[in-house]
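Secondary and tertiary structure notes
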Amino acid sequence: GDSVTQMEGPVTLSEEAFLTINCTYTATGYPSLFWYVQYPGEGLQLLLKATKADDKGSNKGFEATYRKETTSFHLEKGSVQVSDSAVYFCALSAVGAQKLVFGQGTRLTINP
Amino acid sequence: DAGITQSPRYKITETGRQVTLMCHQTWSHSYMFWYRQDLGHGLRLIYYSAAADITDKGEVPDGYVVSRSKTENFPLTLESATRSQTSVYFCASSGAGANTDTQYFGPGTRLTVL
């Protein structure tokens, strides 16, 4: 079945560092890909998404590019802030499906 | 603009008791979902609903019951709670406008089964 694999956490960085969180997926066809973020004590909220190959999703300085050839959707940010500390989830929805399949989440801590 | 709400936010119960977690959305979204979040597992889908009176099992449905008599409500019932059901439960909805594939999450219910 469909699955999502994220890099193991937790990840700890200093403010203004470059961030990459790896995400790879297994699915047939061209699923939609998502990054959700969960701030402490809150529910998940959509950070960005991409629905077809080579699409780049972006929001709040974060970017991710849908790479069909490597089945990847890595999350990047050029300069992280303390306020980016959260848990990040990569997810996919299969073609024609509303259900999401989530990775295990990566906890990110940014130190000032 | 209330969005999607869950109640209660925190619940402590005992093994064998019945517990119902409530979810309410104000967007008239057609789809609603229940997930549980456990360390090391990310979010796992328990049940989902495509519309009122239409529900289907997700990845981990055992021990849970859902109903959806109205579009805006999607309660989740644990008929006889077990310690393994201690978790954080999230409700989500989707299905309107241009972003039908985007799910919107409630704040979660933290359930402890003693």
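Note that the structure is predicted; figures quoted are calculated from it, not measured. (Residues numbered from 1 in each chain as written. Chains lettered and ligands numbered in written order. Predicted model: local features only at pLDDT ≥ 70, side-chain atom pairs only at ≥ 80, totals over all residues. Heavy atoms only, no water.)

**Quick word on the side chain of Thr77 of chain B**
Residue and element names in this part refer to chain B. For Thr77, the position within the fold is in strand β8 (residues 76-78). In terms of polar contacts, Thr77 uses its side chain to reach the side chain of Thr20, at 3.0 Å. If near-sequence neighbours (up to four positions away) are discounted, Thr77 is found in contact with Gln18, Val19, Thr20, Gly63, Tyr64 and Val65. (Helix = DSSP H or I, 4+ residues; strand = E, 2+ residues; numbered from the N terminus. Polar contact = N/O pair within 3.5 Å; in protein donor to acceptor, adjacent residues only side chain to side chain. Contact = heavy atoms within 4.5 Å.)

**Let's talk about the state of the cysteines**
Residue and element names in this part refer to chain B. Counting across every chain of the model gives two disulfides over all chains. There is a disulfide in this structure between Cys23 and Cys91, and the S-S distance comes to 1.8 Å. What sets the handedness of the Cys23 and Cys91 disulfide is the S-S torsion sign, and at about -75° it is left-handed. Taken together, the positions of Cys23 in strand β3 (residues 19-25) and Cys91 in strand β9 (residues 87-94) put the pair 68 residues apart, joining distant regions of the chain. Residue classification places Cys23 among the buried positions, given a relative accessible area of 1%. Under the relative-accessibility criterion, Cys91 is labelled buried at 0%. (Disulfide = S-S within 2.5 Å. Buried < 20%, exposed > 50% of the residue type's maximum accessible area, 1.4 Å probe, protein only.)

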